[in-house]
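# Observations on chain architecture
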Amino acid sequence: MDNSLKSFEHPAYEGRNNIWYLNSIPQVKNFLHAVQDETRRKMCKDIFDAFEKEVLGWESQLVRIQDTISKWTKVQECWLYLEPILTVEDIIRYLAHESILFKEVDSNWKTMMDNVAQDPRVLKTAGVPGMLELLIKSLKLLEEINVGLTSYLDQRKIIFPRFFFLSNKQILAILSESRDPTKVQPYLRNIFEGIHHVEFNDIHAIQAMISSLGERIQLSYAIQPREAKGCVEKWLYDLQLQMVTSMQDLMSASQENYNGFKRNEWITEWPCQIVLTVALLVWTADIQEAMKGGEQALYEQFNRQKTDIQDLLSILDDNERSLLVKSTVNTLIVQDIYMRDVTSEIHKKKISSENDFFWLKQLKLMSSDEDLTLNMLNVSAPYRYEYLGMISRLVITPVTEKSFMALLTAFKSFYFGIIEGVSGVGKSSLMKDLACYMAIMYRVKNGSSDVNINSITSFFKGVASSGCWAIIEDIDRCSPDIMSLTAVLMERLRTCAKDNSESIQFVGHEKFNIEKGYFIATTVNSAYIGRNNIPDDLKTLLRPVTIMYPDKKVIIEAKLFSIGFTKYNEMYSKLVHSLEMIESQLPAEIHYNFGLRTIIRIVDLAAKKFSSLKETNEEKIIFQSTIEILSKSLNEEDMQEMKKILLSFFIGMSSQGLEDGINLEHPSLIINPKIRAKVMEVRQALDNNAGVIIYGSTFSAKSKILMLATQLKPATEIEVINPKAMERGDLFGTSDCSNTGWM
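Computed from a prediction, not measured in an experiment: that's the story for all the values here. (Residues numbered from 1 in each chain as written. Predicted model: local features only at pLDDT ≥ 70, side-chain atom pairs only at ≥ 80, totals over all residues. Heavy atoms only, no water.)

## Examining the overall build of the protein
We count it as follows: Labels follow the DSSP assignment, with helices taken as runs of H or I lasting at least four residues and strands as runs of E lasting at least two, numbered in each case from the N terminus. Each residue's exposure class comes from its accessible area (1.4 Å probe, protein chains only) as a fraction of the maximum for that residue type: buried when under 20%, exposed when over 50%, partly exposed otherwise. The contact criterion used throughout is that any non-hydrogen atoms of two residues lie within 4.5 Å. In this description, accessible areas are obtained by the Shrake-Rupley approach with a 1.4 Å probe, and a residue is regarded as covered only by the protein chains that are shown.
Looking only at helices and strands, the protein has 28 helices and 17 strands in total. When the 743 residues of the protein are sorted by exposure, 48% land in the buried category. The contacts in the protein between residues at least 6 apart in sequence include a share of 69% that link residues at least 24 apart. Of the accessible surface of the protein, which amounts to about 37,200 Å², a share of 50% is contributed by carbon and sulfur atoms.

## As for the packing of helix H10 (residues 232–258) against helix H12 (residues 272–293)
Rule in force here: Axis definition: a line fitted to C-alpha atoms, over the contacting stretch in the case of helices. Angles run 0 to 180 degrees between N-to-C directions. Comment on the angle field: the value is read as roughly parallel under 35 degrees, roughly antiparallel over 145, roughly perpendicular from 65 to 115, and oblique elsewhere. When the near helix sits turned anticlockwise from the far one by under a right angle, the crossing is termed left-handed; a clockwise turn instead gives a right-handed crossing.
It is at 10 Å that the axes of H10 and H12 come closest, and there the two elements cross at 55°. By the angle class used here, H10 and H12 are oblique. H10 and H12 meet at a crossing whose hand is right-handed. Along the contact surface, H10 presents Met247, Leu250, Met251, Ser254, Gln255 and Tyr258, while H12 presents Gln273, Ile274, Thr277, Val278, Leu281 and Val282.

## Describing helix H17 (residues 427–438)
Within H17, nine of the 12 residues are buried, leaving the element largely enclosed by the surrounding structure. Downstream of H17 by one or two residues, alanine 439 has phi in the positive range, about 55°.

## With respect to the sheet that holds strand E6 (residues 364–368)
The line we're drawing: Strands are labelled as partners when DSSP assigns at least two bridges between them.
Read from one edge to the other, the open sheet built from three strands follows the order E6-E7-E8, with strand pairing classed as antiparallel. On the outer flanks of this sheet lie E6 and strand E8 (379–382), each paired with one strand and no other. Each adjacent strand pair in this sheet contributes to an overall mean axis angle of 35°, direction not counted. Two strands pair when backbone bridges link them, and strand E7 (residues 371–376) and E8 are joined in this way by four bridges, in the antiparallel orientation. Looking at the pairing, methionine 376 lines up with valine 379 of E8. The strands touched by H12 within the sheet are E6 and E7, with E6 carrying the most contacts at an inclination of about 85°.

## What about helix H24 (residues 618–631)?
Put simply, the test is: The span expected for a helix works out to 1.5 Å for each residue beyond the first. N or O atoms within 3.5 Å of each other form a polar contact, as long as, within protein, one can give a hydrogen and the other can take it, and as long as residues adjacent in sequence are counted only when both atoms are side-chain atoms.
Taking 1.5 Å of rise per residue, the 14 residues of H24 would be expected to cover 20 Å, and the 20 Å separating its terminal C-alpha atoms lies within 8% of that figure. Within H24, 13 of the 14 residues are buried, leaving the element largely enclosed by the surrounding structure. Capping the start of H24 is the job of one residue whose side-chain oxygen sits 3.3 Å from the backbone nitrogen of glutamate 619: asparagine 617.

## A few points about empty space enclosed by the protein
Here is the rule: As defined here, a cavity is a set of points on a 1 Å grid over the protein atoms alone where a 1.4 Å probe fits but cannot get out. A pocket is an open set with protein on both sides within 12 Å along at least five of seven lines, and residues line them when an atom is within 4 Å of a point. Grid points are joined across faces, edges and corners, and a volume is the space filled by probe spheres set on the points. Throughout this entry, Asp, Glu, Lys and Arg are counted as charged residues, while Ala, Val, Leu, Ile, Met, Phe, Trp, Tyr, Cys and Pro are counted as nonpolar. The remaining residues, Gly among them, count as polar.
In the structure shown here, the tally under the stated rule is one cavity of 30 Å³ or more. Quantified by volume, the largest cavity comes out at close to 50 Å³. Asp90, Tyr94, Tyr152, Arg156, Leu175, Ser178, Gly230, Cys231 and Glu233 are the residues that line the largest cavity. Of the residues belonging to the lining of the largest cavity, the class tally is four nonpolar, two polar and three charged.

## Quick look at the environment of glutamate 193
Among the structural elements, glutamate 193 can be located in the loop between helix H9 (185–191) and strand E3 (197–200). Along the primary structure glutamate 193 and leucine 388 are separated by 195 residues, whereas in three dimensions their C-alpha atoms are 5.4 Å apart. Those residues in contact with glutamate 193 that sit more than four places away from it in its chain are Glu386, Tyr387, Leu388, Met441, Tyr442 and Arg443. In this structure the side chain of glutamate 193 is engaged in a polar contact, spanning 3.1 Å, whose partner is the backbone nitrogen of tyrosine 442.

## Topic: the pairing of strand E11 (residues 469–473)
Within a regular strand, the side chains alternate between the two sheet faces. Which entries qualify depends on this criterion: By convention, orient the strands away from the viewer: a clockwise path from the first strand over the helix to the second makes the crossover right-handed.
Most of E11 is tucked away, with five of its five residues classed as buried. Side chains Trp469, Ile471 and Glu473 project from E11 onto one buried face, and the interleaved Ala470 and Ile472 project onto a second face that is buried too. Here strand E10 (residues 442–446) pairs with E11 via five bridges, running parallel. By the bridge assignment for E11, tyrosine 442 is matched with tryptophan 469. You can see the chain leave E10, run along helix H18 (residues 453–466) and come back into E11, and the turn it takes is right-handed. Note that E11 and strand E14 (residues 519–524) share four bridges and pair parallel. Note that in E14 the partner of isoleucine 471 across the bridge is alanine 521.

## Some thoughts on the pairing of E6
Judged from the five bridges that link them, E6 and E7 form a sheet pairing that is antiparallel. Bridge assignment links lysine 364 to a residue of E7, and that residue is asparagine 375. The antiparallel hairpin formed by E6 and E7 contains two residues in its connecting segment, where aspartate 369 sits at a positive phi of about 55°.

## With respect to a nonpolar patch on the surface
As a reminder, the rule being used: Candidates for patches are residues over 30% relative accessible area with no salt bridge; among them, like charges are joined within 9 Å and nonpolar side chains (Val, Leu, Ile, Met, Phe, Trp, Tyr) within 5 Å. The salt bridge criterion pairs a side-chain nitrogen of Lys or Arg with a carboxyl oxygen of Asp or Glu, the two atoms within 4 Å.
Residues Ile721, Met726 and Leu731 make up a contiguous nonpolar surface patch of about 220 Å² in total accessible area. Inspection of the secondary structure puts isoleucine 721 in the loop between helix H27 (702–711) and helix H28 (728–732). According to the relative accessible area criterion, isoleucine 721 is partly exposed, its value standing at 47%.

## Some details on the packing of aromatic side chains
Worth spelling out the cut-off: In summary, the pairing rule links any two rings of Phe, Tyr or Trp, Trp by its six-membered ring, whose centres are within 6.5 Å, and it sorts them by plane angle into stacked for under 30 degrees, edge-to-face for over 60 and tilted for everything else. A ring has a charge above it when a Lys NZ or an Arg CZ is no more than 6 Å from the ring centre and no more than 35 degrees off the ring normal.
All chains considered together, the criterion is met by 17 aromatic pairs. Members of the aromatic cluster, each reached through a chain of ring pairs, are Phe411, Phe416, Trp469 and Phe519. The ring of tyrosine 94 has arginine 156 sitting right over it, with the charged end atom 5.7 Å from the ring centre. Over the face of the ring belonging to tyrosine 415 we find arginine 543, whose NZ or CZ atom lies 3.7 Å from the ring centre.

## Points about the pattern of salt bridges
All told, the structure shown has 18 salt bridges when counted by the stated rule. Here glutamate 515 ties to arginine 384 by a salt bridge, and the two come within 3.0 Å at their closest N and O atoms. On the criterion of sequence distance, the pair formed by glutamate 515 in the loop between strand E13 (512–513) and E14 and arginine 384 in the loop between E8 and helix H16 (398–412) is long-range, its members being 131 residues apart. Its relative accessible area of 33% is what places glutamate 515 among the partly exposed residues. Salt-bridge contacts for lysine 609 lead to glutamate 628; the nearest nitrogen and oxygen are separated by 2.8 Å. Here the residue lysine 609 occupies a position in helix H23 (residues 596–612), and glutamate 628 occupies one in helix H24, the gap between them amounting to 19 residues. Among the residues examined, glutamate 628 registers a relative accessible area of 6% and is labelled buried. Through salt bridges with shared partners, one network takes in Asp474, Asp476 and Arg531.

Printed below as a string of structure tokens:
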């Protein structure tokens, strides 16, 4: 027993800069537990009395070694977190005291690890007198360093409130790049809603914003990051202000330019967000003017809108148009359909007053004193000019319209919202689309048992100080304590909004300035079992919106029409009715889903095929897209049944030949038709999805199928892990209580 520990060594490895680190700490702890258990068993035997002093001393040393290993692990975790931070000159100048303390910890740490490198035996390192005391001292120093670091980051967050939505690690990475602003580029997509990266000119000044799809917005005035003198948050704040100014200038210029060109020509000259906003603004003004002109003026307006939609479809048929233009047109058609339908109803009802309830309840954009406002009922919300990139509009159905009214009314009354409904009905999309109409920053917080006091408080501080709109997904997954805290924070925010306060203070936190216009909604899925009940004090602050059954017909027909389908009514009927038949005939497996979310995926895939395969008829595109989406989740027997049902709706189609033209060979494998078909399904799934699960029994060639599928995708990298051998936090990540980030 004694000799086994004497020879047991630390599993350590040499990292960067020739520094050694402890590795496989659980292995060391398990070994020490085994030795300690063996010692206690020996203490129960008759020979214990003769060796009582030695055995008790040995047990005391084991306990000390365990405590040392535990403290050592904590010091290593803190050191690994702080070392890349407190070695950067730009951060050291703000944290001079903390950097001095860290130098002492760093020196002690490296000395300890050098000793491990020379003699890795646990008894000769963790068991050395004075080691435990040195680690305790280091932990106290690290705690003091963390307090100073947290205070420093809080100051930066107050200067630039959007930092509240980043983890401390991300903020420090940004602040450490004060000398080279180009290295901040990867973090811009987390700070701004639509900016993927920015464009620098020859003198390293920021001259344009670029979206994720490559849309370029020229800034009205270039930003000089060097003038910030190392304060990254300062030039980021300047970028935020300049983003708003540039969008305002573009909005004004596009309105002046609108009447000087044909609508189709005008669309191609302006960014997507500008086109959608001005189109809604012009329509609102035209309808109000037409109502004054009587029935004939409304009829002419309706015909004009039908013509505008047909003109937009001609752009989709033009192969020389860019992807950006076609994406803008797709979204504009969806919006134009809403405007056309509203105009038709106004004409039928012969409405002549702007105060008619039917007109008041519509979503409108109005201009007043050079400011834009989104109007619905008696609610008037300011347009905030956040750059959103390429926008995708929801199809506005009666359910969408009522939901918008409920949320905007809650906003006007200084309450918040709660959106209830089963999975896949568009709860989150509803809130995001409404925020897009207002051009306001939108942030998401996922509710879970990992949400802690620090993270939820930081999120609410970010919402209040930035004035953004936010949603807490599945709030009933949070613990009752967190939901009660959420109620307290929401009540405080509501009081400040009602009183028109300029600052706010949460309990235990310093006072900070707030920006008006913030709003928070939550989502709840009542179909899930095991969720926590929402406290009554939180319910009183949330105005409910319930979505039971989305209007599939309106949504799917509008989406098919917007991508250029001419037989959109027929295609909707065949698609939805075939899926309903498939759902009724197949067994109710847990992973089978034939709802709106699956239909949208089929339509999105059909849109990709339609844009690249113009010679293929619409029925064949829908048929093939349905098979590609559904076949991946069905077993062999159900897949054959699914194909039979589809063929009964899509008469004359064939499910054969979808994978023709693909060269699939492997020198050591015999690829039969079944394996070939599955390989093609996996390849299509990898093309169309962010994540793919291959489901099957043991020895059903799952790994080989994945290997063959990735060979068909050039430059694919594969990294194999064994989830059964990993902790849940290592596999999925976990919330870090120390820095409110995700690890």
